[in-house]
Amino acid sequence: MADVFVSYARADKARVAPLVAAIEAKGWSVWWDPEIIPGREFDDEIEAEINAAKAVLVVWTPTSVASRWVRGEARDAADRNVLVPVRFDKAHLPMDVRAIHTTDLDDWGEDASGARAQEFLNALGMLIARSQLSKPAKSCVAAPEIEAKRFAVCVLPFANMSGDPEQEYFSDGITEDIITDLSKVSSLGVVSRNDSFLYKGKQIEMHKLAHELKVTHVMEGSVRRAGGRLRITAQLIDGATGQHVWAERYDRDASDIFAIQDEISKAIVKALRLRLLPEEKKAIERRGTDSAEAHDLYLMARQLYITNQEADERAALAIVRMCAQATEIDPGYAQAWALMAMGQRTLRYLNVQSEDGMAAAERALVLNPDLPEAHAVKANILQAADELEAASAEAAVALELDPESYEANRAAARLNYQRQRYGDAIRLYEKAASLMEADLNSASQLISCYSAIGDAAGTRRAAEMALKRADAILARDQNNAGVVAYSALALAALGEGERAKSRMNRTLLMDPDNFNARYNFACVLSQHLKDKEAALDMLAPALGIITDAFLAYAKADPDLAILHDDPRFKAMVAAAEARLAAARSPASAPIPAAGS
């Protein structure tokens with residue numbers, strides 16, 4: 001199967017050939033002009049090739065726009081986020097793909113080294129790299145691997161039937177646990193959490209979903225929890241026929257949650273007549289804790305971690321509080337210690353407390369040396385202490401333990417960003433963003449990475465993703481200053497400077513002392529609006545309270561590149577360094593709270 005599928009009208013073959021030559025010169029394989037007699041076999045090969053392609057280049061011309069085949073292939077590629085469109089003769093694009101950035105090639109002159117060619121070649125390159133990065137490991141299985149297995153399943157988010165929206169964390173947690181358990185079965189392909197949760201709350205045609213995700217079966221269910229009792233329903237559906245393969249209802253005490261999850265996972269394996277190896281059976285039964293109460297607290301904290309942004313003080317305080325309670329109930333709960341460390345790390349960044357999370361991370365690693373999240377947060381903490389080599393070692397261990405770990409990819413990406421290794425940072429941030437649909441920070445960091453290397457198409461794609469994620473959060477929490485800051489960054493990167501300024505001004509009226517918002521607004525003004533003085537004015541209060549954990553990051557941030565040699569910026573950095581040095585001395589006062 002080829003790396004790139006080229007969709008075009010046969011009448012345009014002569015102008016497509018130079019594009020193909022430019023792609024092949026990059027070392028990528030291309031499927032574009034097969035010698036096959038049209039018919040069923042031709043249709044089958046086209047479907048197989050376009051589904052396997054890492055990227056789809058659609059060549060729009062007045063002729064191809066009129067082709068239902070090209071339009072259909074473009075829609076399919078857009079649905080899978082692998083579409084790279086180019087255009088000749090100012091062709092009028094179909095309505096359903098107009099929002100996707102399209103490169104005009106009327107004046108490209110068949111020059112593969114020119115800016116227009118590099119734009120679409122870079123876009124193809126990133127999709128190819130992303131596909132290679134997302135090859136299956138443990139919990140997430142890419143399409144080619146799924147097809148190699150006899151069965152593959154998508155576990156849809158279990159519906160919360162408790163009548164209380166605040167119980168959503170519990171039904172989501174059960175879904176994640178079942179996905180994790182089934183992923184331990186080597187003979188079964190399992191769709192990742194991120195791909196599964198994209199369908200949450202949507203009306204779904206099982207046959208269409210199975211086709212889109214290339215799975216043989218779909219699992220769905222519901223959870224009702226009330227008065228210490230649980231009612232969980234679950235059913236496994238054949239993706240081709242829509243028939244139920246297995247279904248069960250569990251009415252138990254809430255304390256039986258682990259047993260129910262084990263029974264569901266084993267029932268799926270049995271229904272599909274798969275062989276469960278002894279070590280896989282043990283892995284499914286192995287839990288971080290035997291306490292349902294501690295697990296419930298962890299699930300609440302985990303939901304806060306997933307749905308809130310990195311610099312959210314209230315969420316971080318709640319995470320630490322819940323994990324502290326969980327570890328009081330079960331001191332051996334490694335996952336809770338690691339999540340506590342993540343919350344403490346955030347609070348240290350925000351100057352809210354002096355605890356950096358290292359003690360909690362080390363405790364997690366003593367309990368479970370193979371916990372990737374614990375190695376990842378330890379890497380973050382070491383990075384904040386400017387111990388970059390030690391941080392790199394921890395991040396490498398985290399990724400080796402689980403290449404599909406969201407925390408591991410985030411930690412490694414952040415480290416590479418600070419070290420100005422933008423290619424590696426892009427690869428890792430792309431992975432992190434694909435693993436967690438609510439991850440706005442990684443999408444925003446991609447804007448900075450692509451801007452740093454001068455990739456305009458990549459910057460635009462990242463900005464569109466960040467804006468979409470930010471607006472989804474703002475629809476339910478319009479006064480979230482941190483999210484507004486990310487949305488302003490995305491708008492500025494998309495060339496909508498006035499809208500970005502409007503959001504900045506509104507946020508500062510509501511929360512003028514928000515460190516995260518001020519810092520990101522300074523990045524907007526510096527990198528995208530090129531207003532040095534306004535950026536310095538915005539940054540001054542933030543540098544007045546910045547922590548040593550964040551200062552090293554700010555000094556290397558490419559978004560502030562035009563400020564780094566400015567005397568005023570240097571003076572503010574020097575003042576911050578002097579303040580932090582004084583705070584570290586034995587006679588110093590406690591670290592001030594943010595905004596003081």
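Conventions and cut-offs
Residues numbered from 1 in each chain as written. Predicted model: local features only at pLDDT ≥ 70, side-chain atom pairs only at ≥ 80, totals over all residues. Heavy atoms only, no water. Helix = DSSP H or I, 4+ residues; strand = E, 2+ residues; numbered from the N terminus. Rg over C-alpha atoms; globule rule 2.2 N^0.38 Å. Buried < 20%, exposed > 50% of the residue type's maximum accessible area, 1.4 Å probe, protein only. Contact = heavy atoms within 4.5 Å. Areas by Shrake-Rupley, 256 points an atom, 1.4 Å probe, with all protein chains shown as cover. Lys, Arg positive; Asp, Glu negative; His and termini not counted. Charge placed at Lys NZ, Arg CZ, Asp CG, Glu CD. 1 Å grid on protein atoms, 1.4 Å probe; cavity = no way out; pocket = protein on both sides within 12 Å on 5 of 7 lines; lining within 4 Å. Points joined across faces, edges and corners; volume = space filled by probe spheres on them. Nonpolar A, V, L, I, M, F, W, Y, C, P; charged D, E, K, R; others polar. Core = buried A, V, L, I, M, F, W, Y, C linked by side-chain atoms within 4.5 Å. pLDDT = per-residue confidence, 0-100. Pairing = 2+ DSSP bridges. Expected span 1.5 Å × (residues − 1). Salt bridge = Lys/Arg side-chain N within 4 Å of Asp/Glu carboxyl O.

Section: the overall build of the protein chain
Secondary structure summary: the protein chain contains 27 helices and eleven strands in total. Computed over C-alpha atoms, the radius of gyration of the protein chain comes to 25 Å, within 12% of the 25 Å expected from 2.2 N^0.38 for 596 residues, which places it in the range of a compact globule. Across its three principal directions, the C-alpha atoms of the protein chain cover 85 × 65 × 40 Å. Within the protein chain, buried positions represent 56% of all 596 residues. The long-range fraction of contacts in the protein chain, counting pairs at least 24 apart against all pairs at least 6 apart in sequence, stands at 64%. Accessible surface computed for the protein chain: about 25,800 Å², of which carbon and sulfur atoms make up 51%. Charged side chains in the protein chain number 69 positive and 87 negative. The centres of these two groups are separated by 1 Å.

Topic: the layout of surface pockets
If a probe the size of a water molecule is rolled over the atoms, the empty space left behind becomes visible. Computed from the structure, the second largest pocket encloses a volume of approximately 1,500 Å³. Elements with a minimum of two residues in the lining of the second largest pocket: α7 (168–183), α8 (193–197), α12 (292–307), α14 (334–349), α16 (372–384) and α18 (406–418). No other element matches α7, which puts nine residues into the lining of the second largest pocket. For the lining of the second largest pocket, a count of residues per class yields 19 nonpolar, 14 polar and 15 charged.

Notes on the nonpolar core
With 72 residues, the main nonpolar core has F158, L188, M219, I232, W246 and I264 as its most contacted residues. Ranked by residues supplied to this core, first place goes to α14 with nine residues. M126, A466, A554 and F569 belong to the second largest nonpolar core, which has 70 residues in total.

Let's talk about unusual backbone geometry
The residue K214 is not glycine, and still its phi comes out positive at about 60°. Relative to the helices and strands, K214 resides in the loop between α9 (206–213) and β9 (217–226). Of note in the backbone geometry, R273 takes a positive phi value of approximately 60° without being a glycine. Turning to its location among the elements, R273 is positioned in the loop between α10 (257–271) and α11 (278–285).

A few points about the confidence of the model for the protein chain
Taken as a whole, the protein chain shows an average pLDDT of 85; of its residues, 92% reach a score of 70 or greater. Mean pLDDT in the protein chain bottoms out at helix α6 (residues 143–148), which sits at 40, and peaks at helix α15 (residues 358–367), which reaches 95. Predicted confidence for residues 35–42 stays below pLDDT 50, and this span has four contacts to residues more than four positions away or in other chains. Scored below 50 in pLDDT, residues 135–148 shows 30 contacts in the model against residues more than four places distant or in partner chains.

Brief notes about the pairing of β9
Remark: a regular strand shows side chains that alternate across the two faces of the sheet. Within β9, seven of the ten residues are buried, leaving the element largely enclosed by the surrounding structure. Of the pairings in the sheet, the one linking strand β7 (residues 159–160) to β9 comprises two bridges and is parallel in character. Note on β9: the bridge partner recorded for N160 is V223. When β9 meets strand β10 (residues 229–238), the two strands line up antiparallel, connected through ten bridges. From the neighbouring strand, G221 faces β10, where its bridge partner is A234. Hairpin connection between β9 and β10: a loop of two residues separates the two successive antiparallel strands, and G227 in this loop has a positive phi of roughly 55°.

Topic: helix α13 (residues 313–329)
Under the 1.5 Å per step criterion, the end-to-end length of α13 is 25 Å for 17 residues, consistent within 8% with the ideal 24 Å. Listed as buried for α13 are A315, A316, A318, I319, V320, M322, C323, A326 and T327. Along its buried surface, α13 packs onto α12 and α14.

Here we look at the pattern of salt bridges
In total, this model carries 30 salt bridges according to the counting rule given. With a closest N to O distance of 3.9 Å, D181 and K184 form a salt bridge. The exposure class assigned to K184 is partly exposed, which follows from its relative accessible area of 29%. Within the structure, one salt-bridge network assembled from shared partners comprises R87, K90 and D104.

Here's the deal with helix α1 (residues 13–25)
With 13 residues, α1 should cover 18 Å at 1.5 Å per step; its first-to-last C-alpha distance of 18 Å lies within 8% of that length. Taken together, the buried positions of α1 are V16, P18, L19, V20, A22 and I23. Immediately downstream of α1, the backbone of G27 shows phi near 90°, a positive value.

What to know about the sheet that holds strand β3 (residues 55–60)
Either a parallel or an antiparallel arrangement is found when strands of a sheet pair, and the pairing is made through backbone hydrogen bonds. The parallel open sheet is built from five strands, whose spatial order is β2-β1-β3-β4-β5. Pairing within the sheet leaves two strands with one partner each, and these edge strands are β2 (30–31) and β5 (103–104). Here four bridges tie strand β1 (residues 4–7) to β3, and the two strands are oriented parallel to one another. Following the sheet pairing, F5 is matched in β3 by V56.

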